[in-house]
Amino acid sequence: MIGHRVPLPRLKKAIQEVCICLQEKYSHKPKWETLSENFLWRELVACILGSRVRYDVAYSAIERMEEANLFSVRQTMANRSLYEASVFNALMNTGGKNRYPFPWLRAGQISTAAQTLYSRGGTIKSLLEKAQDEREARRHLAKNIAGLGPKQASLFLRNIGYAEQVAVLDVHVLTYMDWVGLIPSPVRTVRTMRQYEMLEDIFIEHSGSFGFPPDLLDVAVWVVVRVVKKEYALCQ
């Protein structure tokens, strides 16, 4: 297995170096209280679109939705069927390599998420204001918003500056946790919020040994483990 061939001291040193490089970028975090509802909706949709999809493909889809003015909260509620069709068209509207792979599924999830959030006069901001803490906010999002699981809900809260003590446990971070012995056996899929929070607690405690917060460390881990996997694949 690749994990048995990775020198752990070199791996940890690389992660520490990436953390240092990222510190400047992550020192200026957004303040979610000052963000517009349209911007919050855009960030939430971006996290829905980013699930199980390459970054460049998701980013291209977001740009097409932006060009079509589909991040206007007012437009989401004007006509649900029309909005869903417009999202689908935006996701499909490319003949290049960045065609979005799940247009009907994601268009339906985005439309349903808008209905859940806005049909009774609610907002993302009011939802966040009512939550007791970041984990309660995440649980609510993952349970009630179509297309958001624990990982994507964590990413959303991170991106808007709402939460720092959360970890985005994607496959690369879970792989790292296995390589360094934080978990007894590999975890490929996190099936419940309880399991996610248990793994997150382990990672947050581990982040203390690096001297970096978990929301910085998991990004560094993601960067380094992806590189290691690619280099290993080239050697096969």
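Residues numbered from 1 in each chain as written. Predicted model: local features only at pLDDT ≥ 70, side-chain atom pairs only at ≥ 80, totals over all residues. Heavy atoms only, no water.

Caption draft 1: Main features of the overall build of the protein chain. When helices and strands are counted, the protein chain shows 12 helices and 0 strands. Put simply, the protein chain runs from its N terminus to its C terminus through helices and strands in the order α-α-α-α-α-α-α-α-α-α-α-α. What you see for the protein chain is a C-alpha radius of gyration of 19 Å, in line with the 18 Å of a compact globule of 236 residues. Considering only C-alpha atoms, the protein chain reaches an extent of 55 × 45 × 35 Å along its principal axes. Burial statistics for the protein chain: of 236 residues in total, 47% are counted as buried. Accessible surface, the protein chain: about 12700 Å² in total, of which carbon and sulfur atoms supply 52%. (Helix = DSSP H or I, 4+ residues; strand = E, 2+ residues; numbered from the N terminus. Rg over C-alpha atoms; globule rule 2.2 N^0.38 Å. Buried < 20%, exposed > 50% of the residue type's maximum accessible area, 1.4 Å probe, protein only. Areas by Shrake-Rupley, 256 points an atom, 1.4 Å probe, with all protein chains shown as cover.)

Caption draft 2: View of the nonpolar core. One finds Trp41, Leu44 and Met65 to be the most contacted residues of the largest nonpolar core, which totals 46 residues. Elements represented by at least two residues in this core include exactly helix H2 (37-49), helix H3 (55-67), helix H5 (80-92), helix H6 (103-118), helix H7 (124-130), helix H8 (134-144) and helix H9 (150-159). Ranked by the residues each element gives to this core, the list is headed by H2, at 8 residues. The contacts of Met65, once residues within four sequence positions are left out, are Val45, Leu49, Leu70, Phe71, Tyr83, Val87, Ala90, Leu91 and Ile110. Counting residues in each nonpolar core, the second largest holds 29 residues, with Ile15, Met177, Trp179 and Tyr196 among its members. (Core = buried A, V, L, I, M, F, W, Y, C linked by side-chain atoms within 4.5 Å. Contact = heavy atoms within 4.5 Å.)

Caption draft 3: Seen up close, helix H10 (residues 171-179). Burial analysis of H10 places 7 of its 9 residues in the buried class, the great majority of the element. Restricting attention to buried positions, one finds in H10 the residues His172, Val173, Leu174, Thr175, Tyr176, Met177 and Trp179. At the N-terminal boundary of H10, the capping side chain belongs to Asp170, with an oxygen 3.2 Å from the backbone nitrogen of His172. Positive phi shows up at Gly181, right after H10, with a value of about 80 degrees. (Polar contact = N/O pair within 3.5 Å; in protein donor to acceptor, adjacent residues only side chain to side chain.)

Caption draft 4: Molecular detail of the side chain of Arg158. Tracing the sequence through the fold places Arg158 in helix H9. For Arg158, a relative accessible area of 10% corresponds to the buried category. Separated by 3.2 Å, the side chain of Arg158 and the backbone oxygen of Asp215 make a polar contact. Setting aside residues no more than four positions away along its own chain, Arg158 makes contact with Ala163, Val166, Ala167, Val168, Pro214, Asp215, Asp218 and Val219.

Caption draft 5: The packing of H2 against H6, seen in detail. Contact geometry for H2 and H6: axes closest at 11 Å, N-to-C directions at 145 degrees. As H2 runs across H6, the sense of the crossing is right-handed. Within the contact between the two elements, H2 uses Glu37, Trp41, Leu44, Val45, Ile48 and Leu49 and H6 uses Arg106, Gln109, Ile110, Ala113, Ala114, Leu117 and Tyr118. Tallied by class, the residues present in the contact of H2 with H6 amount to 10 nonpolar, 1 polar and 2 charged. (Axes fitted to C-alpha atoms, helices over the stretch in contact; angles between N-to-C directions. Left-handed = near helix turned anticlockwise from the far one by under 90°. Nonpolar A, V, L, I, M, F, W, Y, C, P; charged D, E, K, R; others polar.)

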